[in-house]
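Listed here are the chains, written in short residue letters.
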Amino acid sequence: MILIYLLKVSACTLLFFAIYCLLLARLTFFSLNRAYLLVMLIVSFGIPAITLENRREVVAASKEISSKIAYNNDGFTEKDDVDGGEAVNNTINWSPLLLYAYFIVLAILIFRMLLTMLHIRKQLHTHTLNINGAVVWVDKRSTIKNCSFFNRIIVDSSLPANEKNLVIKHESVHVKQLHAVDKLLANLVTAALWFNPVIYFWRSAIDHNHEYLADQQTARIVDKKEYASLLLSLAMPSNNLVINSFSRLPLKNRIVMMYREPNLKSKKLAYVAVLPVLLICCAAFINRKEVIVQKMSGQNQTSTGAFKKPDVYAITYLNRTIKVNPNAPFKEVEPTLIIDAGHGGKDAASVAFDGQKEKDLNLRAVMILKEEAAKRGLKVILTRNADQFISLRDRLPKQKATAFISIHHNAARADAATPFGGIEVYVSKLNGNIRAAEDLGAGILGKLRQLNGLAVKDSLKDANLLLLRESKVPAILIEMGNISDQKTLDYINQEQNIRKISNLILDGFVQFSKRGC
């Protein structure tokens, strides 16, 4: 997610900098150009960070389709692979490697910037001859001279008096206008977007604009010819990124800008050109999330409404032999749902014909399910929230919970007939707590059968799976659809459809958490 965000930021910087180069760079409105370069840099980071929610109400039938506890075992494709290290997938997962590489380079660049600042301070400590207010006089051997560093103006003491005065006037503009803050921001952004070539040109544009501003202010109070001669006599390239040097190449542009006649005020209309580009960036890079609110016809309560906490004395499936005194003091138990995203890491499981891996589809569905649960105030625990390998036994619930749901997607083997293409719910009859698992599975199945656009198996299926067989918490496994089927894949590739399925699953869970003895 971080890498995708940074790519969106880079795309924004490309568009905004293109506008600057084409329309604004040659204008003499240097203060406006400074504001543009800084504000658009911040906006480039802000746009991809925005998420807009679109709430849409869907009216569902008020009559719930009942689901009896019945079984239909017409084949099963989900297996207990990769618990003892079998069926290892050697595919390299590049996402975490790229992320680690990005942060390593970022750390190196920030460390380099800090070292540069320490070097400047060391140079000043070694070569300073005298300090007069903000002006620091250094000897001619200093490599840091005729520049400004934050609120300090560093001047070569060997210069003639008139040249010293010109340098101080020029560098005073940098100090008063806080150009050091701009440079610090530009360097941090460059470190964050080190892979983006546009950001280096952007940083150079900020540096050049600083010099145009300082030259413009200085040329108003001194002779332009004398000032230009001094620029040429002190000309030297500078690669230092944290100081404002008095004379930096290319001097030609600075002298041309200094002698250029100020633009007419009507030319400021060029800045309006940024508005359509801003709208394009907003339309392309602002995140959108559709929130489906199911409304039962003839009822005022939506499926995403907050639920009441269940009566803890009514939940007896954990141990039916214990009798609780309802008048005794107690700590109310919060309904907790543990959700498992099947497979992960080296275990990619099935692969759809469009290249999507089941482990990724499982994780996406689980993350959406968690988001929808959070909107209801439901407590959810995930067995994994990233692409990581976890053995089956490590996925089993270790803490008390109301229910355990493992999310998967079905697929057909190359040598097998295409299985059922829709949603299926599995339990294990070998589990000692099968009655509670049946109640959970049948309830969720009944809710899911309200779904339109994707078939739902009308009865439970029995599977001898470790997660279902050995779970101490009522456990079910849900196949979210067959990724070998084009129609099913098209359906589950739409986020709004996964949110519909998620809310129906949560409806069934909430109903289960409120059930009586």
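Not measured: the values here are computed from a predicted model.

Reading the values: rules and limits
Residues numbered from 1 in each chain as written. Predicted model: local features only at pLDDT ≥ 70, side-chain atom pairs only at ≥ 80, totals over all residues. Heavy atoms only, no water. Helix = DSSP H or I, 4+ residues; strand = E, 2+ residues; numbered from the N terminus. Buried < 20%, exposed > 50% of the residue type's maximum accessible area, 1.4 Å probe, protein only. Contact = heavy atoms within 4.5 Å. Areas by Shrake-Rupley, 256 points an atom, 1.4 Å probe, with all protein chains shown as cover. Pairing = 2+ DSSP bridges. Polar contact = N/O pair within 3.5 Å; in protein donor to acceptor, adjacent residues only side chain to side chain. Axes fitted to C-alpha atoms, helices over the stretch in contact; angles between N-to-C directions. Parallel < 35°, antiparallel > 145°, perpendicular 65-115°, else oblique. Salt bridge = Lys/Arg side-chain N within 4 Å of Asp/Glu carboxyl O. Core = buried A, V, L, I, M, F, W, Y, C linked by side-chain atoms within 4.5 Å. 1 Å grid on protein atoms, 1.4 Å probe; cavity = no way out; pocket = protein on both sides within 12 Å on 5 of 7 lines; lining within 4 Å. Points joined across faces, edges and corners; volume = space filled by probe spheres on them. Expected span 1.5 Å × (residues − 1). Phe/Tyr/Trp six-rings, centres within 6.5 Å; stacked < 30°, edge-to-face > 60°. Lys NZ or Arg CZ within 6 Å of the ring centre and 35° of its normal.

What about the overall build of the protein?
Then, number 1: Helix and strand counts for the protein stand at 15 helices and 13 strands.
Then, number 2: The 517 residues of the protein split such that 48% are buried.
Then, number 3: For the protein, the proportion of contacts with a sequence separation of at least 24, taken over those separated by at least 6, is 77%.
Then, number 4: When the accessible area of the protein is evaluated, it comes to approximately 26000 Å², of which 58% is carbon and sulfur surface.

Focus on the pairing of strand S2 (residues 128-132)
Then, number 1: Here four bridges tie S2 to strand S3 (residues 135-138), and the two strands are oriented antiparallel to one another. Residue pairing across strands places Asn130 opposite Trp137, the latter belonging to S3.
Then, number 2: Hairpin connection between S2 and S3: a loop of two residues separates the two successive antiparallel strands, and Gly133 in this loop has a positive phi of roughly 65 degrees.

Quick look at the environment of Ser391
Then, number 1: Tracing the chain through its elements places Ser391 in the loop between strand S9 (379-382) and helix H11 (392-395).
Then, number 2: Distance from Ser391 to Gly344, taken between C-alpha atoms, is 9.6 Å for residues 47 residues apart in sequence.
Then, number 3: Within polar-contact distance, the side chain of Ser391 engages the side chain of Asp394 at 3.0 Å.

Overview of the environment of Asn187
Then, number 1: You can see Asn187 is positioned in helix H5 (residues 179-192).
Then, number 2: A sequence separation of 77 residues divides Asn187 from Ile110, and the C-alpha atoms of the two residues are 8.6 Å apart.

Structural notes on the packing of H5 against helix H6 (residues 197-219)
Then, number 1: The geometry of H5 relative to H6 is characterised by a closest axis approach of 9 Å and an angle of 175 degrees between their N-to-C directions. Judged by the inter-axis angle, H5 sits roughly antiparallel to H6. Across the interface between the two elements, His179, Asp182, Lys183, Ala186, Asn187, Val189 and Thr190 of H5 pack against Ile199, Tyr200, Arg203, Ile206, Asp207, His210 and Leu213 of H6.

Side note on the pattern of salt bridges
Pairing between side chains of opposite charge can happen when the charged atoms of each approach one another.
Then, number 1: All chains considered together, the criterion is met by 14 salt bridges.
Then, number 2: A salt bridge links Asp207 to Lys183; its shortest N-O distance comes to 2.8 Å. Of this pair, Asp207 sits in helix H6 while Lys183 sits in helix H5, and the two are 24 residues apart along the sequence. Both residues of the pair, Asp207 and Lys183, count as buried.

Digging into the nonpolar core
Then, number 1: The biggest cluster of nonpolar side chains holds 47 residues, and the ones touching the most others in it are Leu448, Ile478 and Ile501.
Then, number 2: Excluding anything up to four places from it in sequence, Leu448 contacts Ile423, Val425, Val456, Ile501, Leu504 and Ile505.
Then, number 3: Listed in part, the 34 residues of the second largest apolar core include Phe17, Ala186, Ile199 and Trp202.

Here we look at the layout of surface pockets
Then, number 1: As a volume, the largest pocket reaches approximately 1300 Å³.
Then, number 2: As for the largest pocket, its lining consists of 28 residues, and the residues nearest its centre are Met1, Ile2, Ile4, Leu363 and Met367.
Then, number 3: Within the residue set of the lining of the largest pocket, elements represented by two or more residues are helix H1 (2-24), helix H3 (94-127), strand S7 (287-296), helix H10 (358-376) and helix H15 (495-513).
Then, number 4: Among the elements that make up the lining of the largest pocket, the one with the highest residue count is H10 (seven residues).

Points about the pairing of strand S10 (residues 403-410)
Then, number 1: Of all the eight residues making up S10, eight are buried; the element is thus mostly covered by neighbouring parts of the structure.
Then, number 2: Of the two faces of S10, the one holding Ala403, Ile405, Ile407 and His409 and the one holding Phe404, Ser406, His408 and Asn410 are both buried throughout.
Then, number 3: Sheet topology places strand S8 (residues 336-341) next to S10; five bridges connect them, and they run parallel. Its bridge partner being in S10, Ala341 is matched across the sheet by Ile407.
Then, number 4: With six bridges connecting them, S10 and strand S13 (residues 475-482) associate as parallel partners. Each bridged residue has a counterpart across the sheet, and for Ser406 the counterpart in S13 is Leu477.

Remarks on the sheet that holds S13
Then, number 1: The strand order S9-S8-S10-S13-S11-S12 describes an open sheet built from six strands, whose pairing is mixed. Unpaired on one side and paired on the other, S9 and strand S12 (461-462) mark the two borders of the sheet.
Then, number 2: Along the sheet, H10 makes contact with S8, S9, S10 and S13, crossing S10 at roughly 140 degrees.
Then, number 3: Across the sheet, H15 touches S8, S10 and S13, and the angle it forms with S13 is around 160 degrees.

Concerning H15
Then, number 1: Its 19 residues place the ends of H15 27 Å apart at the C-alpha level, agreeing with the 27 Å of an ideal helix rising 1.5 Å per residue.
Then, number 2: Of all 19 residues that make up H15, 16 are buried, and the element is covered over most of its length.

Some thoughts on the packing of aromatic side chains
Then, number 1: Within the structure shown, the criterion is met by 10 aromatic pairs.
Then, number 2: Summarising the aromatic geometry, the rings of Phe149 and Phe150 are spaced 5.0 Å apart at their centres and angled 80 degrees between planes, so their arrangement reads as edge-to-face.
Then, number 3: One aromatic cluster in this structure is built from Phe17, Tyr20, Tyr36 and Trp202.
Then, number 4: Residue placement shows Lys268 over the ring face of Phe29; its charged tip is 5.4 Å from the ring centre.
Then, number 5: Over the ring of Phe389 we find Lys346; its NZ or CZ atom is 4.4 Å from the centre of that ring.

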